[in-house]
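Structure at a glance
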Amino acid sequence: ALVAAAADAAAEEEDGDDEAEARRGAAALGLGGSEQPESDSEDEMPLNTIGNVPLEWYDGFEHVGYDLEGRKIMRGARTDELDALIKRFDDPDANRTIHDALHGVDVVLSQEDVALIRRLQRRRYPGATFDPYPETVPFDFPDGKVHPLSSAPPRKAPFLPSKDEAKKVMRLVMAMRSEQYQRSVANRRLQEAKERPDYQQLIWDEPPEGEVRHRKRLPAPKVSLPGNAESYNPPKEYLFTPEEAKAWEKMDPADRPLGFVPQAYDAMRKVPQYDGLIRERFERCLDLYLCPREAKTRLDIDPDSLLPQLPSPAELRPFPERLSSRFVGHAGRVLSVSVSPSGEHLLSASADGTVKLWEVETGRCERTCSLGAEVRSVRWCPNGETAVAAAVVGVKMLLLLPLREPLPAAVR
């Protein structure tokens, strides 16, 4: 009876290990399921709606983010090791339960998830009904030849290294490491050195006295590409008027924006030979061999080194911790907020169809403008002298004068 009880306990422990291994595999693969049917009822536990925010930012805090209303989403309570051990004996599904760190809930794996994880751990196909070796389709050939067809995988023997070749390589390696082979290599090198002729008297065997500097070939400066003025039929705005032509002739050749007078022709066959071709080619040759050029080395700077060193998120604390002031007055959700250029006033647009003017220092609502529909956005004019604001209501944009007394009606 004691042996039977021990065997049953060992079997249960082995099953528990398999369930734990399957649970670790599910956590690694991101799988999770439940035997209960899916439902969209409001009784289910709500999921965290913090968005695509790393949870490491909130390590050391009691919350993991904020909801749409700005309230903190508290971190779910985790059971300690003792409670988890007690729950493992009391709960039959404890071995198939994994913890979802993103949503802070425990997920129970279904039998299908556990079977899928076990198949993946055993290097099998995920689908239980998948047949890797389907039946061979026979083919009938009119010439009567028989072609053997098979879908069996190739044997591993052609892909394994040959043992005879491995032994031959080992014999060669041992021979190269032997003392006799090393002596023969040294004797062969001495014999080759004796047979090599002496070229000490040749000038090209002598080492150079100083450092030899090789000139680098510098690329020639690029010629500017032709524009619209060089066309045989340029637009009229590029053609010179009589006054512009006289002014161009009086200018110094070095100060002229163009080295020629643009002209228009009906066809390319009517274009005469360019009279300044030989002169420009000669000046180009002078520029290539008379003008000094030098190679400028570019600084090799890592772009990442130019960026400032950012502090850690724990030092920045991008999340609010203390309430400094409150602006209470809107009946609906606030959709847009804009601060005046002077920083003294604030405009807020709400879904209740109103735009309110607030005093930033005291939080007091000075004026309220009802626009009759949901206000999607409101912005102050960047020019602080005008004190004009714009609000978007549906497909219309309204201009407001919030600081005028009394508050006028909105002007389209």
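Residues numbered from 1 in each chain as written. Predicted model: local features only at pLDDT ≥ 70, side-chain atom pairs only at ≥ 80, totals over all residues. Heavy atoms only, no water.

For the rest of this paragraph, the subject is the side chain of H63. Tracing the backbone through its elements, the reader meets H63 in strand β1 (residues 63-66). The exposure class assigned to H63 is buried, which follows from its relative accessible area of 5%. Only 3.5 Å separates the side chain of H63 from the side chain of Y66, close enough to count as a polar contact. (Helix = DSSP H or I, 4+ residues; strand = E, 2+ residues; numbered from the N terminus. Buried < 20%, exposed > 50% of the residue type's maximum accessible area, 1.4 Å probe, protein only. Polar contact = N/O pair within 3.5 Å; in protein donor to acceptor, adjacent residues only side chain to side chain.)

Judged by pairing direction, the sheet is antiparallel, and its 3 strands sit side by side in the order β9-β10-β11 without closing on themselves. Strand pairing shows two members of the sheet lacking a second neighbour, β9 (375-380) and β11 (396-400), which therefore form its edges. Strand-to-strand twist across the sheet, computed as the mean angle between neighbouring axes with direction ignored, equals 20 degrees. As judged from the 5 bridges shared by β9 and strand β10 (residues 389-393), these two strands associate in the antiparallel manner. Paired with V375 across the strands is V393, a residue of β10. (Pairing = 2+ DSSP bridges. Axes fitted to C-alpha atoms, helices over the stretch in contact; angles between N-to-C directions.)

Glancing now at the environment of D106. With respect to the helices, strands and loops of the structure, D106 is situated in strand β4 (residues 105-108). For the pair D106 and A94, spaced 12 residues apart in the sequence, the C-alpha separation amounts to 10.0 Å. Residues contacting D106, with those up to four places away along its chain left out, are K87, T97, I98 and H99. (Contact = heavy atoms within 4.5 Å.)

Let us now look at the nonpolar core. Counting residues in hydrophobic clusters, the biggest one holds 14 residues, and the most contacted among them are L347, V355, L371, V375, V378, A391 and L400. Among the secondary structure elements, those contributing two or more residues to this core are β6 (345-350), β7 (354-359), β9, β10 and β11. Excluding its chain neighbours within four sequence positions, the residues that come into contact with A391 are L371, V375, S377, V378, K396, M397, L398 and L400. (Core = buried A, V, L, I, M, F, W, Y, C linked by side-chain atoms within 4.5 Å.)

Further remarks concern the pattern of salt bridges. Overall, the coordinates contain 8 salt bridges when judged by the stated rule. A salt bridge links R96 to D93; the nearest nitrogen and oxygen atoms lie 2.8 Å apart. Taking relative accessible area as the criterion, R96 reaches 8% and is therefore assigned buried. Classification of D93 as partly exposed rests on a relative accessible area of 27%. For the salt bridge of E283 with R279, the shortest nitrogen-to-oxygen distance reads 3.7 Å. One end of the pair, E283, and the other, R279, are both in helix α7 (residues 277-290), 4 residues apart, so they sit about a helical turn from each other. Classification of E283 as partly exposed rests on a relative accessible area of 38%. (Salt bridge = Lys/Arg side-chain N within 4 Å of Asp/Glu carboxyl O.)

Time to look at the sheet that holds strand β5 (residues 334-339). Strand order in this open sheet of 4 strands is β5-β6-β7-β8, and the pairing throughout is antiparallel. Each edge of the open sheet is held by one strand with a lone partner, namely β5 and β8 (365-370). Strand-to-strand twist of the sheet, defined as the mean angle between neighbouring strand axes without regard to direction, takes the value 20 degrees. One ladder, built from 5 bridges, connects β5 with β6; its direction is antiparallel. When the bridges of β6 are listed, S338 appears paired with L347.

Turning our eyes to something else, we now look at unusual backbone geometry. The phi dihedral of R123 is positive, around 60 degrees, even though this residue is not glycine. You can see R123 is positioned in the loop between α3 (111-121) and α4 (163-177). You will see that A387, though not glycine, has its phi angle at about 55 degrees, which is positive. Secondary-structure assignment places A387 in the loop between β9 and β10.

Right, let's get into the side chain of H345. Relative to the helices and strands, H345 resides in strand β6. Those residues within four positions of H345 in sequence are excluded, and the remaining contacts are V339, S340, L357, W358, V360, E366, W380 and L403.

This next bit is on the packing of aromatic side chains. Counted under the stated rule, the structure contains 2 aromatic pairs. Here Y125 and F130 contribute two aromatic rings whose centre-to-centre distance is 4.7 Å and whose plane-to-plane angle is 50 degrees, an arrangement assigned as tilted. Residue classification places F130 among the partly exposed residues on the basis of a relative accessible area of 48%. Centre to centre, the rings of F327 and W358 are 5.6 Å apart; their planes meet at 80 degrees, and the pair counts as edge-to-face. In this pair, F327 sits in the loop between α9 (313-316) and β5 while W358 sits in strand β7, placing the two residues 31 residues apart along the sequence. Overall, F327 belongs to the partly exposed group, its relative accessible area being 33%. Its end group placed over the ring of W248, R256 keeps NZ or CZ at 4.1 Å from the ring centre. (Phe/Tyr/Trp six-rings, centres within 6.5 Å; stacked < 30°, edge-to-face > 60°. Lys NZ or Arg CZ within 6 Å of the ring centre and 35° of its normal.)

This brings us to the pairing of β6. The element β6 is largely enclosed, with a buried count of 6 among its 6 residues. Along β6, one buried face is formed by H345, L347 and A349 and the opposite face, lined by L346, S348 and S350, is buried too. Between β5 and β6, which pair antiparallel one after the other, the connecting turn spans 5 residues, and G343 there sits at a positive phi close to 80 degrees. Pairing of β6 with β7, which is carried by 5 bridges, proceeds in the antiparallel orientation. Looking at β7, one finds that H345 is bridged to E359. Linking β6 to β7, which pair antiparallel, is a turn of 3 residues; within it G353 sits at a positive phi near 85 degrees.

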